[in-house]
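Chains, contacts and geometry: an overview
Listed below are the residues making up each chain.
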Amino acid sequence: HGRLLCLPHAQGEGVMSGMEKTQLLGMTPDELTVYFKQLGQPAFRARQVFAWLHQGADFEQMSNVPKALRETLDENCVANPVSVLETIESKLDGTIKLLYRLPDGNVIEGVLMRYKYGNTLCLSTQVGCRMGCAFCASTLDGCARSLTPAEMLGQIVCANGILAPQGQKVGNIVLMGSGEPLDNYDNVVKFLRILRIEGGLCIGMRSVSLSTCGLVENMRRFAEEDLPVTLSLSLHAPNDEVRRKLMPVARKYSMDDVLSACRNYIEKTGRRVIFEYALVHGVNADPAQAVELAGRLRGMQCHVNLIPLNSVPERGLTGVTEREVDAFKHMLEQKGISVTRRREMGDDIEGACGQLRRRYIRDNQEESETTAE
């Protein structure tokens, strides 16, 4: 998956779909240089088009590119393979939920969050997810496919288009939408390398957080990539027994293996690791479990982010009371663990990951059934 973007397509009869067209947004400047040389164009066209693409321009808007070349690109390539299908803005805090359409008709979600320090975009790395975590709605339908680098970059370009009228843009990225980033390893790594290139979106790695459920081999591999993003591990349990109830991946990787990979990442990058901990009533939220968790994390350069569960009816899991959150947090603090309660944003706009996408799919299925009748 995701390999269609690096090879130029020969011209043929008929109209090509968005997935068949070359996704220029997912190319590095060097790859674009090769591409344009194959079209008989000078190397400087690569930098021109690279800048235009990351500004969100379509081919017809590239004013310093010859018309004939713009027409060739329009016929054979796609400037941004992602488009915004629907947006919902929170009346509480200005958070914007985005539903994106992909070239093959699939849809994914993103969340644009506004903070005092700038705008953060939560983006997706796959269509759905195959990890099967019990507390997550985006995994209910499995994983349709992984996203290309262009489709990940395109989500940011679209969000910048929404922010442009206010003279703003996205400054921080969290890879915490649908999908397991390290399950789409090569495409995510390429996305990150393009993300920080000057003349493009130019977002540094210290402004990026990547969330993983704990694919140990790829965590260790990623530590060697010289991409010092903030690593967020979905931990959600103080021991293997509880973690296996919530996360199928825990049947393959023990907590000792996962925490060892985290320590390796800290050593290689100098960055602390964030542990995401979704509190589930009756499963992992007892103060005694906080004591056990603290014992596992003692001495690590880390921070725990407590997340009161968004109830997932399909999974039969319920959230916790504020008293339970406070008690768990207090116990971690007593044991010397850095901890915060995640700030909830967009509570009035289907805030749980996967909700907007699932509603869109359901509504379209119902419409198709009605039409068929």
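For clarity, every value in this text was computed on a predicted model and none was experimentally measured. (Residues numbered from 1 in each chain as written. Predicted model: local features only at pLDDT ≥ 70, side-chain atom pairs only at ≥ 80, totals over all residues. Heavy atoms only, no water.)

In the structure shown here, the tally under the stated rule is eleven salt bridges. Here Arg 145 makes a salt bridge to Glu 151, at a shortest N to O gap of 2.8 Å. By the burial criterion, Arg 145 is buried, and Glu 151 matches it. Between Arg 221 and Asp 186 there is a salt bridge, with its nearest N and O atoms 3.1 Å apart. With a gap of 35 residues between them, Arg 221 in helix α6 (residues 216-222) and Asp 186 in helix α5 (residues 185-195) connect regions that are remote in the sequence. Relative accessible area serves as the criterion here: at 37%, Asp 186 is assigned to the partly exposed category. In the salt-bridge network here, residues are joined through shared partners; they are Asp 104, Arg 145 and Glu 151. (Salt bridge = Lys/Arg side-chain N within 4 Å of Asp/Glu carboxyl O. Buried < 20%, exposed > 50% of the residue type's maximum accessible area, 1.4 Å probe, protein only. Helix = DSSP H or I, 4+ residues; strand = E, 2+ residues; numbered from the N terminus.)

Moving on, we come to the pairing of strand β13 (residues 302-308). For β13, a buried count of seven out of seven residues is recorded, marking the element as mostly surrounded by other parts of the structure. Alternating residues of β13 divide into Cys 302, Val 304, Leu 306 and Pro 308 and His 303, Asn 305 and Ile 307, and every residue in both groups is buried. In terms of strand pairing, strand β12 (residues 273-279) meets β13 through seven bridges, oriented parallel. Bridging from a neighbouring strand, Tyr 277 pairs with Leu 306 of β13. In this structure, β13 lies alongside strand β14 (residues 339-341), joined through three bridges in parallel fashion. What sits directly across from Leu 306, in β14, is Arg 341. (Pairing = 2+ DSSP bridges.)

Quick look at the sheet that holds strand β4 (residues 96-101) now. One open sheet holds the ten strands; their spatial order is β3-β4-β5-β6-β9-β10-β11-β12-β13-β14, and the pairing between them is mixed. The open sheet has two free edges, formed respectively by β3 (83-89) and β14, since each of these has just one partner strand. Strand after strand, the sheet turns through a mean of 25 degrees between neighbouring axes, direction not considered. Pairing geometry for strand β11 (residues 230-234) and β12, over three bridges, is parallel. Of the residues in β12, the one forming a bridge with Leu 233 is Phe 275. Against the sheet, helix α10 (residues 322-334) makes contact with β12, β13 and β14, and its axis sits at roughly 165 degrees relative to β14, the strand it touches most. (Axes fitted to C-alpha atoms, helices over the stretch in contact; angles between N-to-C directions. Contact = heavy atoms within 4.5 Å.)

Its place among the elements puts Leu 233 in strand β11. Each C-alpha atom of the pair Leu 233 and Asn 305 lies 10.0 Å from the other, and the pair is 72 residues apart in sequence. Excluding anything up to four places from it in sequence, Leu 233 contacts Thr 212, Cys 213, Gly 214, Met 219, Val 258, Cys 262, Ile 274, Phe 275 and Glu 276.

Attention shifts here to the nonpolar core. One finds Leu 192, Leu 195 and Phe 275 to be the most contacted residues of the largest nonpolar core, which totals 105 residues. A per-element tally of this core places helix α4 (residues 149-163) first, with eight residues. (Core = buried A, V, L, I, M, F, W, Y, C linked by side-chain atoms within 4.5 Å.)

Our next topic: the packing of aromatic side chains. In total, this model carries five aromatic pairs according to the counting rule given. Note on Phe 222 and Tyr 265: the rings are 6.2 Å apart at their centroids and 5 degrees apart in plane angle, and the pair reads as stacked. Of the two residues, Phe 222 is situated in helix α6 and Tyr 265 in helix α8 (residues 255-269); the sequence distance between them amounts to 43 residues. Like Tyr 265, Phe 222 is buried. Among the aromatic side chains, those forming a connected cluster through ring pairs are Tyr 185, Phe 222 and Tyr 265. (Phe/Tyr/Trp six-rings, centres within 6.5 Å; stacked < 30°, edge-to-face > 60°.)

Per-residue pLDDT for the protein chain has a mean of 88; in total, 83% of the residues score no lower than 70. A low-confidence stretch, residues 1-15 (pLDDT under 50), is modelled with 34 contacts involving residues beyond four sequence positions or located in other chains. (pLDDT = per-residue confidence, 0-100.)

Moving on, we come to the packing of helix α1 (residues 29-38) against helix α2 (residues 44-54). Where α1 meets α2, the closest approach of the two axes is 8 Å, and the angle between their N-to-C directions is 125 degrees. Overall, the two elements α1 and α2 adopt an arrangement that is oblique. By crossing handedness, the relation of α1 to α2 is classed as right-handed. When α1 is examined against α2, the residues Pro 29, Leu 32, Thr 33 and Phe 36 are found in contact with a partner set consisting of Arg 45, Ala 46, Arg 47, Val 49 and Phe 50. Grouping the amino acids of the contact of α1 with α2 by side-chain chemistry returns six nonpolar, one polar and two charged. (Parallel < 35°, antiparallel > 145°, perpendicular 65-115°, else oblique. Left-handed = near helix turned anticlockwise from the far one by under 90°. Nonpolar A, V, L, I, M, F, W, Y, C, P; charged D, E, K, R; others polar.)

So, on to α5. In an α-helix there are 3.6 residues to a turn, and that puts residues three or four apart on one side. In terms of residue burial, α5 counts as a mostly covered element, since nine of its eleven residues are buried. Those residues of α5 that fall on the buried side of the exposure criterion are Tyr 185, Asn 187, Val 188, Val 189, Lys 190, Phe 191, Leu 192, Ile 194 and Leu 195. Of the surrounding elements, those touching the buried residues of α5 are α1, α2, α4, β9 (170-175), β10 (208-212) and α6.

What follows deals with the environment of Phe 275. Locating Phe 275 in the fold gives a position in strand β12. By relative accessible area, which is 1% here, Phe 275 ends up buried. Taking C-alpha positions, Phe 275 is 8.6 Å from Leu 231, a pair spaced 44 residues apart along the chain. Those residues in contact with Phe 275, other than ones at most four positions away along the chain, are Leu 233, Leu 235, Leu 259, Cys 262, Leu 297, Met 300, Cys 302, His 303, Val 304 and Asn 305.

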